[in-house]
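Descriptive analysis of the structure
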Amino acid sequence: MASLIDGKQISQQVIDEVATEVADFSAQYGFAPGLAVVLVGEDPASHVYVRNKVKRAEEVGMNSIEHRLPMDCSQETLNKLIDELNANPAVHGILVQLPLPGHLNEEEVIEAISPEKDVDGFHPLNVGALACGEATLIPCTPLGCMIMLKQQLGDLSGKNAVVIGRSNIVGKPMAALLLQANCTVTIVHSRTQDIESICSQADIVVAAIGKPEFVNSEWVKPGAVVIDVGINAIERDGRRKLVGDVDFADVEPIAAAITPVPGGVGPMTIACLMKNTLTAAKALEAKREQTLKAS
């Protein structure tokens, strides 16, 4: 049976490390890093995510600033708020909770956030930096997956890795991080031919396709490490249940290690958001110090 990769335990290690560094930061500068979270509308899942992010920010000693806008908020209003947050020196990280209501342009919103405060790592400049191996603000979910993989496997050099899904949020940055770790990387997606055969050769499988229990044991090589990014709500036996993109019961007996859902990747994503906010705060304050010295 596979060993469980405990996202709750590993994320708590990250949180504890961040909390220690936040305390040092606050002692040095006289104020804590500030994270601004923007929520538009009344999507229940988004409200849960924001609540968890705010809770974690407070737990590590950061200042959490919530901005809630109505469902019918205009693009102009949202962009104006982002401009204000970009200009606010007390705000080191800006997160606009996605998805946004359909009438709002997500791409425009992402590009409006200052790259230096883009703690989601979605701004085109940060995406480009990641592609070049120079990113400091890395998308939180792939960053969390890499922390788990390195803790499980140590050196990833030479591993054959398959990423299922090519989204800008997970699939593509995940592949870039694995490549930087010297893996041989393949991205498979809806147009890939013989996808099962490709996946079954991988030492590492990262499933991020958004289809409940899509990956079964025939896709997974015995002894592979499986990271399940999916979070899907399904009805089973008259009850609502959260499952991943991997058929856990089918894959667990043959994998070397696997993340559960829930309790795997999810907690790591929020922990890495805190890590990114601290990284952004350190960089912004160091830059301000240099500017003051130069003047």
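I will try to describe carefully the structure that is included in this document. Starting afresh in each chain, residues are numbered from 1 along the sequence in its written order. Totals for whole chains, interfaces and linings use every residue, but because this is a predicted model, local features are given only for residues with pLDDT of at least 70 and side-chain atom pairs only at 80 or more, for both listing and counting. Just so you know, side-chain values use all the structure's heavy atoms and leave hydrogens and water out.

Strand pairs in the sheet, formed through backbone hydrogen bonds, run parallel or antiparallel to each other. Strands are treated as partners if at least two bridges between them are detected by DSSP. Elements are defined by DSSP. Helices are runs of H or I of four residues or more, strands are runs of E of two residues or more, and each kind is numbered from the N terminus. Strand order across the open sheet formed by six strands is S1-S11-S8-S7-S5-S6, with parallel pairing between neighbours. Across the chains shown, the open sheet's two edge strands, defined by having one partner strand only, are strand S1 (3–4) and strand S6 (184–188). Summarising the sheet, S1 and strand S11 (residues 257–258) pair through two bridges and their orientation is parallel. Paired with leucine 4 across the bridge in S11 is isoleucine 258. Every residue pair with non-hydrogen atoms within 4.5 Å of one another is taken to be in contact. A fitted line through C-alpha atoms represents every axis, and for helices the fit uses only the stretch in contact; the resulting angles, taken between N-to-C directions, go from 0 to 180 degrees. Across the sheet, helix H6 (residues 140–153) lies against S1, strand S7 (204–207), strand S8 (225–228) and S11, angled at about 160 degrees from S8, the strand it touches most.

Now for helix H7 (residues 171–180). The buried count for H7 comes to seven of ten residues, which makes it a mostly enclosed element. When H7 is considered as a whole, its buried residues turn out to be Gly171, Pro173, Met174, Ala175, Ala176, Leu177 and Leu178. For H7, the secondary structure elements touched by its buried residues are helix H5 (124–131), H6, strand S5 (160–164), S6 and S7. Whether a residue is buried, partly exposed or exposed follows from its accessible area with a 1.4 Å probe, protein chains only, as a fraction of its type maximum: under 20%, in between, or over 50%, in that order.

For Phe, Tyr and Trp, where Trp contributes only its six-membered ring, two rings pair if their centres lie within 6.5 Å, and the inter-plane angle classes them as stacked under 30 degrees, edge-to-face over 60, or tilted in between. The tally for this structure, following the rule as stated, stands at four aromatic pairs. Aromatic side chains phenylalanine 25 and phenylalanine 31 sit 6.1 Å apart centroid to centroid with 75 degrees between the ring planes, which places their arrangement in the edge-to-face category. Summarising the aromatic geometry, the rings of tyrosine 29 and phenylalanine 31 are spaced 6.0 Å apart at their centres and angled 35 degrees between planes, so their arrangement reads as tilted.

The side chains of a regular strand alternate, first on one face of the sheet and then on the other. When S5 meets S6, the two strands line up parallel, connected through five bridges. What sits directly across from valine 162, in S6, is threonine 186. Here, the term right-handed applies to a crossover whose path from the first strand over the helix to the second runs clockwise when the strands point away from the viewer. With H7 bridging S5 and the parallel S6, this β-α-β connection has right-handed handedness.

With that out of the way, let us pick up the nonpolar core. The nonpolar core is taken to be a set of buried Ala, Val, Leu, Ile, Met, Phe, Trp, Tyr and Cys residues, with the residues joined through side-chain atoms within 4.5 Å. Leu149, Leu178, Ile227 and Met274 are the most contacted members of the largest nonpolar core, which has 54 residues in total. The element that contributes the greatest number of residues to this core is helix H10 (residues 265–294), accounting for nine residues. Once you skip the residues sitting within four places of it in the chain, leucine 149 turns out to touch Gly154, Leu156, Met174, Leu178, Ile204, Val225 and Ile227. Residues Leu78, Leu85, Leu104 and Ile113 belong to the second largest nonpolar core, which totals 19 residues.

What follows deals with the layout of surface pockets. Taken as a whole, the largest pocket holds about 1,400 Å³ of empty space. Throughout, the protein atoms alone are placed on a 1 Å grid, and a set of points is a cavity if a 1.4 Å probe fits but cannot get out or a pocket if it is open with protein on both sides within 12 Å along at least five of seven lines; lining residues have an atom within 4 Å of a point. Residue lining of the largest pocket: 50 residues in total, with Tyr49, Thr141, Ile231, Gly266 and Thr269 positioned closest to the centre. Residue contributions to the lining of the largest pocket peak at nine residues, all from helix H2 (residues 44–59). Under this grouping Gly is polar, as are all residues other than the nonpolar Ala, Val, Leu, Ile, Met, Phe, Trp, Tyr, Cys and Pro and the charged Asp, Glu, Lys and Arg. Looking at side-chain class alone, the lining of the largest pocket contains 26 nonpolar, 13 polar and eleven charged residues. In this structure, the second largest pocket encloses a volume near 330 Å³. Elements supplying a minimum of two residues to the lining of the second largest pocket: helix H4 (106–112), H5 and H7. For the lining of the second largest pocket, the residue count by class is eleven nonpolar, two polar and four charged. Grid points are joined across faces, edges and corners, and a volume is the space filled by probe spheres set on the points.

On to empty space enclosed by the protein, then. A complete count under the given rule lists one cavity of 30 Å³ or more for this structure. Within this model, the largest cavity holds a volume of roughly 50 Å³. Every residue lining the largest cavity is listed: Val96, Leu98, Val109, Ile110, Ile113, Asp118, Asp120 and Phe122.

What follows is about the pattern of salt bridges. Each reported salt bridge corresponds to a side-chain nitrogen of Lys or Arg within 4 Å of a carboxyl oxygen of Asp or Glu. This structure, assessed with the given rule, holds seven salt bridges. One salt bridge in this structure joins glutamate 21 and lysine 282, with 2.3 Å as the shortest N-O distance. Taken together, the residues glutamate 21 in helix H1 (residues 7–29) and lysine 282 in helix H10 connect sequence positions 261 residues apart. Overall, the relative accessible area of 34% leaves glutamate 21 in the partly exposed class. According to the relative accessible area criterion, lysine 282 is partly exposed, its value standing at 37%. Measuring nitrogen to oxygen at the nearest pair gives 2.7 Å for the salt bridge that ties lysine 287 to glutamate 116. Here the residue lysine 287 occupies a position in helix H10, and glutamate 116 occupies one in the loop between H4 and H5, the gap between them amounting to 171 residues. Residue glutamate 116 is classed as partly exposed on the basis of its relative accessible area, which comes to 35%.

Bear in mind that shape data such as this cannot, by itself, settle questions of function.
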